[in-house]
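# Structural characterization, general
Spelled out from the first residue to the last, the chains are:
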Amino acid sequence: MTESLWDLLLRSLLPIVGGALTGTIPLALLSFALGLVIALGVALMRLSRIWIVSGIARVYISIIRGTPLLVQLFVIFYGLPSIGVLVDPWPSAIIAFSLNVGGYAAEVIRAAILSVPKGQWEAGYTIGMSRGQTLVRVILPQAARVSVPPLSNTFISLVKDTSLASLILVTELFRQAQQIAAFSQEFMALYIEAAVVYWVICLVLSSAQSVLEKRLDRYVAH
Amino acid sequence: MSPTDPLAPEPADAIIAAPLLTARGIRKSFGDVEVLKSIDLTVPRGNVVALIGPSGSGKTTVLRSLNGLEVPEAGTVEFSGGDVVDYSRNPTKRQLASLRDRSAMVFQQFNLFPHRTVLENVIEGPVQVQKRPKAEAIADARALLERVGLGAKADAYPFELSGGQQQRVGIVRALALKPQLLLFDEPTSALDPELVGDVLDVIRELATEGWTMVLVTHELTFASHVADTIVFMDGGVVVESGPPSEVLQNPREARTKQFLHRLLDR
Ligand SMILES: Nc1ncnc2c1ncn2[C@@H]1O[C@H](COP(=O)(O)OP(=O)(O)O)[C@@H](O)[C@H]1O
Ligand SMILES: [Mg+2]
């Protein structure tokens, strides 16, 4: 490698990491938070005994999981304007990613709720709690603990998937790398550099995940 | 907890044989299988009624029908001074809630809340449901825990306790609700033999204090000492019921004799 290539990599590290800090990470965090709220709602709908309610949730989950995230993103950013709805890049990305997380995490949360032993519901009822009270105070705290490993995986996938937002002009990690690559014509070097930055972020997240899991594991009903 | 406590049940001899709870004609099927075939059960105030019988005979289902955890197809459950809950007429949520307000249950598998400490388990109902002041609920909970020998475990989590300790917390959680009726479903069946005694001691003490209880158990010796009435069930019907001296010592029915023989042979 020539001296100037090292130079380029070093000089591009700042904008690439900057893209992670101002694009990738806030995009992932915000979409994940909104996505979890959607997911909880969809999971509860899916568990409803009213068939139309659970049916709507089922269809939603099926559409989200049965279509590519890139297509969902394009429908919102490039598709909606043709019916007169203009959405900016950032809001488009957040809407698409949170709807997507909502679909995947709903199944995780539903499974976690179902994994809490039936006796926990009954213990709640026999101390006089309503269904809603038992759900909030007894079931969800335990379901939350069970969901940590699969939801961490969802989050790590989301961090990587945010690179798709570069295609709807959101300035994030990968778009920064692309722009420098196009300008310098050093495609291989810049894309590997981008890959390394994603990898480091994901390594940090996985180790945070295992710390969290160890701490939460103890209080789950077996 | 003491008989002078206005919320504690009245002593057995105060109102002789006045039923606290009356259940009539309870029928329950799971799929095509009729598990309860018209069960009648009367629980006098201050009495201990022990349900015995082979496994699968429907004891648990009877118990769960008394507090609406199981919704039978037919039958009525009535607390003295309360609504008649008629299961054949789709009881309302409020009616089922009224059954649960008056009773509390101790489970075979304890069913403590694993994410809450012992103290939090005990005050959950009084504070969240009965809206009692938290300080008062905590003081009561500590006193009850002290009584069952778990004063030092108030801040422990359930997973840190032995089975026998967990079940005593289960009993305290039920008592803290100050219910009129205590329901026990094989409270010692999940315990190692050496831990059974402590739990039975607690239940015996409650019986002495005059708590009204329905107790499903396989501990026949224990039942013969604490129960006023033994109800023997088999195949979803009550085969025989009466005082222990009759049902356990001089059973009338062949099925009762057979069941007792089989247990004694082991
Ligand atoms: N939720 C259920 N679904 C299907 N069958 C059940 C259910 N609960 C109990 N049963 C059946 O009902 C019968 C009585 O059960 P149960 O009341 O638990 O008996 P016991 O407590 O006397 O052992 C058994 O044959 C059992 O298999
Ligand atoms: Mg049983």
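Residues numbered from 1 in each chain as written. Chains lettered and ligands numbered in written order. Predicted model: local features only at pLDDT ≥ 70, side-chain atom pairs only at ≥ 80, totals over all residues. Heavy atoms only, no water.

## As for the nonpolar core
Leu-41, Ile-171, Leu-182, Phe-184, Leu-206 and Met-213 of chain B are the most contacted members of the largest nonpolar core, which has 142 residues in total. In this view, Met-213 of chain B contacts Val-43, Asn-47, Val-48, Val-49, Leu-181, Leu-182, Phe-184, Ile-203, Leu-206 and Ala-207 of chain B; residues no more than four positions away in its chain are not counted. (Core = buried A, V, L, I, M, F, W, Y, C linked by side-chain atoms within 4.5 Å. Buried < 20%, exposed > 50% of the residue type's maximum accessible area, 1.4 Å probe, protein only. Contact = heavy atoms within 4.5 Å.)

## A few points about the layout of surface pockets
Of the volumes computed, that of the largest pocket is approximately 640 Å³. Surrounding the largest pocket, 19 residues form its lining, Arg-49, Tyr-125 and Arg-131 of chain A together with Leu-96 and Arg-100 of chain B being those nearest its centre. When contributions to the lining of the largest pocket are tallied by element, the ones reaching two or more residues are α5 (118–126) of chain A together with α2 (93–102) of chain B. Tallied by class, the residues present in the lining of the largest pocket amount to eight nonpolar, four polar and seven charged. For the second largest pocket, the calculated volume is near 410 Å³. In terms of lining residues, the second largest pocket is bounded by 14 residues, among which Leu-47, Ile-113, Trp-121, Arg-131 and Leu-135 of chain A are the most central. Counting residues per element, the ones that place at least two in the lining of the second largest pocket are α4 (89–115), α5 and α6 (131–161) of chain A. The class makeup of the residues in the lining of the second largest pocket is nine nonpolar, two polar and three charged. (1 Å grid on protein atoms, 1.4 Å probe; cavity = no way out; pocket = protein on both sides within 12 Å on 5 of 7 lines; lining within 4 Å. Points joined across faces, edges and corners; volume = space filled by probe spheres on them. Helix = DSSP H or I, 4+ residues; strand = E, 2+ residues; numbered from the N terminus. Nonpolar A, V, L, I, M, F, W, Y, C, P; charged D, E, K, R; others polar.)

## Digging into the interface of chain A and chain B
With 21 residues of chain A at the interface, the matching set in chain B holds 23 residues. Surface buried jointly by chain A and chain B totals about 1900 Å² across both partners, of which 60% is contributed by carbon and sulfur atoms. Counting across the chain A and chain B interface gives two salt bridges. Elements that contribute at least two residues to the side of chain A that touches chain B include exactly α5 and α6 of chain A. At eight residues, α5 of chain A tops the list of elements feeding residues into the side of chain A that touches chain B. Grouping the amino acids of the side of chain A that touches chain B by side-chain chemistry returns nine nonpolar, seven polar and five charged. (Buried area = accessible area lost by both parts, 1.4 Å probe. Salt bridge = Lys/Arg side-chain N within 4 Å of Asp/Glu carboxyl O.)

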